[in-house]
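Residue-level listing of the chains:
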Amino acid sequence: MEISSIEKLRTKMRGAVFCPGQEGYDRARTIPNAMIDRRPAVIARCTGAADVIASVRFGREHDLLVSVRGGGHSVAGKSVCDGGLMIDLSGMKGMRVDLAKRTARAEPGLTLGEFDSETQAFGLATTLGTVTKTGISGLTLGGGWGHLHANYGLALDNLISVDVVTAAGELLTASASENPELFWGLRGSSGNLGIVTSLEYRLHQVGHVFGGAVFYPVTKTREVFHFFREFAGSIPDELVIQTAAVSLPDGTPVCAVVGCYSGTLAHAEEALKPLRMFGTPIGDIFAPISYVQMQSLFDPFFPPGRYTYVKSNFVRTLSDQAIETMAEYANSRPSPYSFAPALEHWHGAAARVAATDTAFPHRNHSYNLMAWSNWADQADSEKNVQWTREFWHAMKPHLVEGSYVNYVSDEGEPSARAAYGPNYNRLVALKNKYDPTNFFRMNHNIKPAVAKSA
Ligand SMILES: Cc1cc2nc3c(=O)[nH]c(=O)nc-3n(C[C@H](O)[C@H](O)[C@H](O)COP(=O)(O)OP(=O)(O)OC[C@H]3O[C@@H](n4cnc5c(N)ncnc54)[C@H](O)[C@@H]3O)c2cc1C
């Protein structure tokens, strides 16, 4: 690309523009998953909607492959492209909490930790994910499962409105009353329909929670997963649980059950009693803690710079045979840093939304299986990827085809299609209208019916 074109872009942007070899370029293209090492030709670090519009127009004029970076946590590395234009939103961190309305207006470069610290100053929160460095925008546009989902729905269920820059470089607002069909599609289509420059969320009163985990020897995974299935069937919306084979920081392999009770604290001990009384745990760290502490519980397990490969699908039925297979693989993880097998329990408010009410369709599966492999040394990549695939193949008979779009590594078109399930065709109609040339295609892509070259 001509230097003069880049200089022209610089004059149109308030934010910085980085090219290969320039100070800041390598930092800007680096994301937490070390498996992804891509080199965009240009990185446009936006400061607001005007910069985003300028970048989109630049991308069109020069016929560039475009990627959009929010928090950069897509395990598939969708936020960084090779040779094209990376539109980087990570500097857009403005936020305003409206106490009277109990809402927050947030820019897309915020991380979960930054968002939570603003809302928790007022004893408020909304559903986000469970690791603080994750970006709010990618997480929300794909779904957003977290400790509050059973009380208040997924992150995207708490959206009131969004501002979005379309592939034509136009800024639109989408809400239940303005561009409602676009609003429907933005909630679940993971960046396919435009670049979201502002998100308005509903907030809820959330004070201290009763949270933590119990740990069992990993050799007890079978028994723990049987118990988990039974317990999950009877818990209230205030309680969210998940389980995984992991290793503690001292290297001890364990089967952990993590829980967060976000209702009245006086009822928490009773609700968690069956879990804390089950078997003979080797550790129990449940306690009343601040919501911010709960949200950062997993942070030490996910330092940036690890290699990550993930397979994930919702579980058809958590049968005895499925548990048997998981128990077998729990003992053979090649890396102590992996969360595998891991099960999230999905229930409550998130499950009471109909599959077609938003573009996110997965409302009636109780368990999401993850083989979330992390390792520290590139030389270990092959064995970890192979193990992840083998485990996932062994589990396939117990899994549905559809997966949560935010959890999958790059699996190509059939997997992307299944992730949008029954909503795919309606999303294609939106893609035809708002992005007929598939300008936004560095994502789990929804192909417009007639894709002209972008
Ligand atoms: C360590 C870790 C923990 C996680 N924990 C959870 C969890 O508890 N719950 C959960 O639900 N998910 C979780 N996730 C998955 C997470 O939701 C996804 O990785 C999500 O994509 C992260 O968003 P991001 O903005 O950081 O990612 P990015 O990689 O920046 O973006 C992801 C996708 O969204 C697009 N995108 C991002 N921002 C915008 C925008 N403003 N407008 C349009 N498109 C945009 C990107 O182009 C890309 O295709 C976790 C991921 C990791 C790595």
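Calculation criteria
- Residues numbered from 1 in each chain as written.
- Predicted model: local features only at pLDDT ≥ 70, side-chain atom pairs only at ≥ 80, totals over all residues.
- Heavy atoms only, no water.
- Core = buried A, V, L, I, M, F, W, Y, C linked by side-chain atoms within 4.5 Å.
- Buried < 20%, exposed > 50% of the residue type's maximum accessible area, 1.4 Å probe, protein only.
- Helix = DSSP H or I, 4+ residues; strand = E, 2+ residues; numbered from the N terminus.
- Contact = heavy atoms within 4.5 Å.
- Salt bridge = Lys/Arg side-chain N within 4 Å of Asp/Glu carboxyl O.
- Pairing = 2+ DSSP bridges.
- Axes fitted to C-alpha atoms, helices over the stretch in contact; angles between N-to-C directions.
- Near = heavy atom within 4 Å.
- Polar contact = N/O pair within 3.5 Å; in protein donor to acceptor, adjacent residues only side chain to side chain.
- Areas by Shrake-Rupley, 256 points an atom, 1.4 Å probe, with all protein chains shown as cover.
- Nonpolar A, V, L, I, M, F, W, Y, C, P; charged D, E, K, R; others polar.
- Phe/Tyr/Trp six-rings, centres within 6.5 Å; stacked < 30°, edge-to-face > 60°.

*Asks:* Would you mind showing me how to read the nonpolar core here?
*Replies:* Generally speaking, a soluble globular protein has its nonpolar side chains buried in company with each other. Within the largest apolar cluster, 37 residues are counted, with the highest numbers of intra-cluster contacts made by Phe115, Leu128, Ile136, Leu182, Leu186 and Tyr201. Here this core takes five residues from helix 14 (residues 424–434), the largest share from any one element. Residues within four places of Ile136 in sequence aside, it is in contact with Ala106, Glu107, Pro108, Leu110, Thr111, Leu112, Phe115, Leu128, Leu199 and Tyr201.

*Asks:* What is the right way to look at the pattern of salt bridges in this model?
*Replies:* Note on pairing: side chains with opposite charge can pair once their charged atoms come close. On inspection of all chains with the given rule, the structure shows 15 salt bridges. With its nearest N and O atoms 2.8 Å apart, the salt bridge here joins Arg363 to Asp157. Of the two residues, Arg363 is situated in the loop between strand 18 (339–345) and strand 19 (367–375) and Asp157 in the loop between helix 6 (149–152) and strand 8 (159–165); the sequence distance between them amounts to 206 residues. Asp157 shares its class with Arg363; the two are buried. As a salt-bridge pair, Asp237 and Arg352 come within 2.7 Å of each other at their nearest N and O atoms. Pair noted here: Asp237 is in the loop between helix 8 (221–232) and strand 13 (239–247) and Arg352 is in the loop between strand 18 and strand 19, with a separation of 115 residues, a long-range link. On the basis of relative accessible area, Asp237 is assigned to the partly exposed category, the value being 23%. Of the residues examined, Arg352 reaches a relative accessible area of 57% and is grouped as exposed. Residues joined in a network through salt bridges with shared partners are Asp26, Arg29 and Asp37.

*Asks:* So what exactly am I meant to see when it comes to unusual backbone geometry here?
*Replies:* Glycine aside, the phi torsion of most residues is negative, and most peptide linkages are trans. With omega at -10 degrees, the peptide bond leading from Ala340 into Pro341 counts as cis. Inspection of the secondary structure puts Pro341 in strand 18. You will see that Asp63, though not glycine, has its phi angle at about 55 degrees, which is positive. With respect to the secondary-structure elements, Asp63 resides in the loop between helix 3 (49–61) and strand 3 (66–69). Given a relative accessible area of 48%, Asp63 falls into the partly exposed group. A positive phi is found at Asn179, a non-glycine position, where the angle reads about 45 degrees. By the element assignment, Asn179 lies in the loop between strand 9 (171–175) and helix 7 (180–186). The class for Asn179 is partly exposed, based on a relative accessible area of 28%.

*Asks:* Mind showing me how you'd approach the sheet that holds strand 2 (residues 42–45) here?
*Replies:* Hydrogen bonds between backbone atoms are what pair the strands of a sheet, whose relative direction is either parallel or antiparallel. As summarised here, the arrangement of the four strands in space is 1-2-4-3, forming an open sheet in which the pairing is mixed. Pairing within the sheet leaves two strands with one partner each, and these edge strands are strand 1 (17–18) and strand 3. Here strand 1 runs beside strand 2; their pairing, made up of two bridges, is antiparallel. Bridging across to strand 2, Val17 finds its partner in Ala44. Running over the sheet, helix 3 touches strand 2, strand 3 and strand 4 (85–88) and is turned about 170 degrees from strand 4.

*Asks:* Whenever I open this one, the site of the ligand confuses me. Can you help?
*Replies:* Neighbouring residues of the ligand: 33 residues in total, closest Val68, Gly70, Thr130, Trp145 and Tyr404. In this structure, Thr130 approaches the ligand through a side-chain N or O atom, which is 2.7 Å from an oxygen atom. Separating an oxygen atom of the ligand from a backbone N or O atom of Gly135 is a distance of 2.9 Å. For the ligand, whose unbound accessible area comes to 940 Å², protein coverage reaches 96%. Only strand 3, helix 5 (136–142) and strand 10 (195–202) provide two or more residues apiece to the shell around the ligand. Here the shell around the ligand gets four residues from one element, more than from any other, and that element is helix 5. Considering only residue class, the shell around the ligand consists of 14 nonpolar, 17 polar and two charged.

*Asks:* Can you walk me through the packing of aromatic side chains in this structure?
*Replies:* Pairs of aromatic rings are described using the distance from one ring centre to the other and the angle between the two planes. Per the counting criterion, the structure on display carries 23 aromatic pairs. Arranged with centres 6.4 Å apart and planes meeting at 5 degrees, the rings of Phe210 and Phe286 form a pair that is stacked. Taken together, the residues Phe210 in strand 12 (residues 209–217) and Phe286 in the loop between strand 15 (283–284) and strand 16 (287–289) connect sequence positions 76 residues apart. When sorted by exposure, Phe210 lands in the same class as Phe286, which is buried. Between Phe227 and Phe231, the ring centres sit 5.4 Å apart and the planes meet at 15 degrees, which makes this aromatic pair stacked. Of this pair, Phe227 and Phe231 both sit in helix 8, separated by four residues, roughly a single helical turn. In this pair, the class of Phe227 matches that of Phe231, namely buried.

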